[in-house]
Amino acid sequence: MTSPSLYWLRNDLRLTDNAALTAAAAAQGQVIFLYVLDDETPGDWRLGGASRWWLHKSLEALSATAPLVLRRGAADKVIADVLTESGAAAVHFTRDYAPWSGALEQRVKAACEAAGASCHRYGGFLLQEPETIRNGSGEPYRVYTPFSKACFAAGEPRPLKPVPKFSGWTGKLKSDRLAGWGLLPTKPDWAKAMAAHWTPGEAGAAARLKDFIADGLEHYADERDRPDRDVTSRLSPYLHFGEISPAQCWHAVRAAQLAAGGKLDKAAEKFLKEVLWREFSYHLLHHWPTLPEKPFRPEFSAFPWSKNPKGLKAWEMGRTGYPIVDAGMRELWVTGIMHNRVRMIAASFLIKDLLIPWQDGERWFWDTLVDADIASNAASWQWVAGCGADAAPYFRIFNPVLQGEKFDTAGTYVRKWLPELARLPDEFVHRPWEAPALVLKAAGVELGRNYPHPVVDHAKARDRALAALKETKGIQ
Ligand SMILES: Cc1cc2nc3c(=O)[nH]c(=O)nc-3n(C[C@H](O)[C@H](O)[C@H](O)COP(=O)(O)OP(=O)(O)OC[C@H]3O[C@@H](n4cnc5c(N)ncnc54)[C@H](O)[C@@H]3O)c2cc1C
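Residues numbered from 1 in each chain as written. Predicted model: local features only at pLDDT ≥ 70, side-chain atom pairs only at ≥ 80, totals over all residues. Heavy atoms only, no water.

1. Some points on the domain arrangement of the chain
The assigned domain composition of the chain is domain 1 (5-124), domain 2 (126-158 + 202-287) and domain 3 (298-469). Of note, the centres of domain 1 and domain 3, computed from C-alpha atoms alone, are 38 Å apart. With 13 residues of domain 1 in contact, the opposing surface of domain 3 contributes nine residues. A combined buried area of about 870 Å² lies between domain 1 and domain 3, and 62% of that area is made up of carbon and sulfur atoms. Among the residues of domain 1 in contact with domain 3, Trp-45, Ala-50 and Ser-51 are the three that bury the most area, contributing 56% of the side total. Joining domain 1 to domain 3, the criterion identifies zero salt bridges. If you look at where domain 1 meets domain 3, you find four residue pairs in polar contact (both at pLDDT 80 or more). Split into classes, the residues belonging to the side of domain 1 that touches domain 3 amount to eight nonpolar, three polar and two charged. (Domains from an automatic or database assignment. Contact = heavy atoms within 4.5 Å. Buried area = accessible area lost by both parts, 1.4 Å probe. Salt bridge = Lys/Arg side-chain N within 4 Å of Asp/Glu carboxyl O. Polar contact = N/O pair within 3.5 Å; in protein donor to acceptor, adjacent residues only side chain to side chain. Nonpolar A, V, L, I, M, F, W, Y, C, P; charged D, E, K, R; others polar.)

2. Considerations on the sheet that holds strand S4 (residues 90-94)
Sheet architecture is open: five strands sit in the order S3-S2-S1-S4-S5, paired in parallel fashion. Two strands in the sheet have a free side with no partner beyond their single neighbour: strand S3 (68-72) and strand S5 (118-122). Across this sheet, the average inter-strand angle for adjacent strands is 25°, counted without regard to direction. Here strand S1 (residues 5-9) runs beside strand S2 (residues 31-37); their pairing, made up of five bridges, is parallel. Counterpart to Leu-9 in the pairing with S2 is Tyr-35. Where helix H1 (residues 19-26) meets the sheet, its contacts fall on S1, S2, S4 and S5, and the angle it forms with S4 comes to roughly 160°. (Pairing = 2+ DSSP bridges. Helix = DSSP H or I, 4+ residues; strand = E, 2+ residues; numbered from the N terminus. Axes fitted to C-alpha atoms, helices over the stretch in contact; angles between N-to-C directions.)

3. Some details on the pairing of S4
Within S4, five of the five residues are buried, which leaves it mostly tucked inside the rest of the structure. Burial along S4 is two-sided: Ala-90, His-92 and Thr-94 facing one way and Val-91 and Phe-93 facing the other are all buried. In this sheet, S4 lies alongside S1 in parallel orientation, the contact comprising four bridges. Paired with Tyr-7 across the strands is His-92, a residue of S4. The sheet contact formed by S4 and S5 spans five bridges and is parallel. (Buried < 20%, exposed > 50% of the residue type's maximum accessible area, 1.4 Å probe, protein only.)

4. What to know about the site of the ligand
Close to the ligand lie 26 residues; Tyr-220, Thr-232, Ser-233, Arg-234 and Asn-340 are nearest. Between the ligand and the protein, one listed contact pairs an oxygen atom with a backbone N or O atom of Ser-236 at 3.1 Å. The separation between an oxygen atom of the ligand and a polar main-chain atom of Asp-373 is 3.1 Å. When the ligand is considered free in solution it has 820 Å² of accessible area, and contact with the protein chains removes 94% of it. According to the grid-proximity analysis, the pocket containing the ligand is the largest pocket. Contributions of two or more residues to the shell around the ligand are made by helix H8 (236-240), helix H10 (265-287), helix H13 (340-353) and helix H15 (374-385). Among the elements that line the shell around the ligand, the one with the most residues is H10, at six residues. (Near = heavy atom within 4 Å. Areas by Shrake-Rupley, 256 points an atom, 1.4 Å probe, with all protein chains shown as cover. 1 Å grid on protein atoms, 1.4 Å probe; cavity = no way out; pocket = protein on both sides within 12 Å on 5 of 7 lines; lining within 4 Å. Sits in = over half its atoms within 2 Å of the grid points.)

5. Topic: empty space enclosed by the protein
Inspection of the entire model under this criterion finds four cavities of 30 Å³ or more. Roughly 440 Å³ of internal volume is contained in the largest cavity. The wall of the largest cavity is formed by 25 residues, among which Asn-11, Pro-42, Leu-47, Asp-96 and Trp-100 lie closest to the centre. Listed by contribution, the elements that provide at least two residues to the lining of the largest cavity are S1, S2 and helix H4 (101-115). For the lining of the largest cavity, the element with the highest residue contribution is S2, accounting for three residues. For the lining of the largest cavity, the class distribution of residues is 16 nonpolar, four polar and five charged. Of the pockets and cavities examined, the second largest cavity occupies roughly 60 Å³. Leu-127, Gln-128, Cys-151, Gly-155, Glu-156, Pro-157, Trp-250 and Leu-276 together form the lining of the second largest cavity. Its residues placed into classes, the lining of the second largest cavity shows five nonpolar, two polar and one charged. (Points joined across faces, edges and corners; volume = space filled by probe spheres on them.)

6. Points about the layout of surface pockets
By volume, the largest pocket is sized at about 1200 Å³. Along the wall of the largest pocket there are 45 residues; nearest its centre are Arg-224, Glu-274, Trp-277, Asn-340 and Ser-380. Broken down by element, the lining of the largest pocket gets its largest block of residues, 10 residues, from H10. Among the residues making up the lining of the largest pocket, the classes are represented as 22 nonpolar, 12 polar and 11 charged. Counting contributing residues, the lining of the largest pocket receives three or more from each of domain 2 (126-158 + 202-287) and domain 3 (298-469). Here the second largest pocket is characterised by a volume of approximately 430 Å³. In terms of lining residues, the second largest pocket is bounded by 22 residues, among which His-197, Asp-230, Arg-234, Glu-331 and Lys-416 are the most central. Residue assignment for the lining of the second largest pocket shows that the elements contributing at least two residues are helix H7 (202-223), helix H12 (323-335) and helix H17 (412-417). Counting contributing residues per domain, the lining of the second largest pocket is built from domain 2 (126-158 + 202-287) and domain 3 (298-469), each supplying no fewer than three.

Right, dumping it as structure tokens:
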């Protein structure tokens, strides 16, 4: 009988367009699907709460189509054990780009050598391997636009791989119970509402992509910045967990564009460019692995951040008194996601109005986002802070009132997430503290009681941030 192959599942929780699984299946023998919950290797960056919820649901969905072996521990040690227990002849896995993953993959390779098994790594989480895109001088890119042009010039992604035929492992191997991993919250069950917003897993991802192409794509170019419209794809958690590949999204959008005979050109280009922001984030992380912790521009290390635990708490709880910020933070808490425009406004508020280090916001997002992603989260926080590669200039400070009025014109988004403000007239919904007492009373708003006064005065906070900037040598 042919020896089994070990397929080590990581952020590639799908059967379609999966090079590692395709190769494991092609080896003829049975395939052992192994998922390792590894809280040891990533250290402080072990999965956050919302990601753990998503992972549970995703593994549950996958176990309906593939027999999973679940183990907990350092992945290389677990793989060494499973090789000994099963006699597998080969290990196949998808490459991961987190700062700790390169060394882990080397240890897995060594474990394979020690067990006499071959070890195979495949791409697929990204469109391009981060080392393959280089500028004219052979250096990695630091600026998004030339990077994206180089990606477009590299041509369309490879063709997709169909679901391979495989026979699952029928031998004996110890497996943990998914429920025993405690990935779901218990008391309080803060994830209760998340189930209504998401269907984690490969089928959920495919359905989301289909819906987006049918309903969102045509409005994407013009309305993607509007949190009050449902036009963005919401594919980010599916992409993060690999329930869909970026190549699948790319080809599906290209096919829709082609079928529309030119009508979707602008929308499709815009969408593909956003997918390339994800690639760019990974490009940066690969070449600058300290991205999640240290400013890309080192001069920002001397920035005079303030210690402001009360401000941080108010921000986390969506109680800053600035409706667009608070609506975003409440959307995040309830659904595990926040619209991109609002992420930018909320992040700018934390960093620039409250002068709280971007890393504190990054950590909160890491714990609460279902799409928490080591590269996109770090690169985006650094972008807003102004200390990243190709970042927004530090002196660009979002005005939360004007941003709210521009992108949530009728206050629909704010009213949805802050029901206490629902009855305020449009002109005050983004600036309740300016509403006359009678208007507040008629709307049932009592500032300081059922909705907070602003925690800072934005105009003063802006001046303070600009002064702090001036103080820091080398930033301008
Ligand atoms: C402070 C901050 C933190 C962020 N943290 C994360 C994070 O942890 N994980 C994450 O996936 N995205 C993060 N983003 C980027 C972006 O907000 C989300 O990718 C996007 O909102 C996801 O919604 P969507 O799938 O509807 O996006 P769409 O607009 O439909 O875009 C399609 C896909 O492109 C990618 N994408 C779009 N915008 C970006 C971007 N700016 N950077 C990187 N990739 C992008 C995502 O994979 C997304 O699913 C962050 C942005 C900010 C400002």
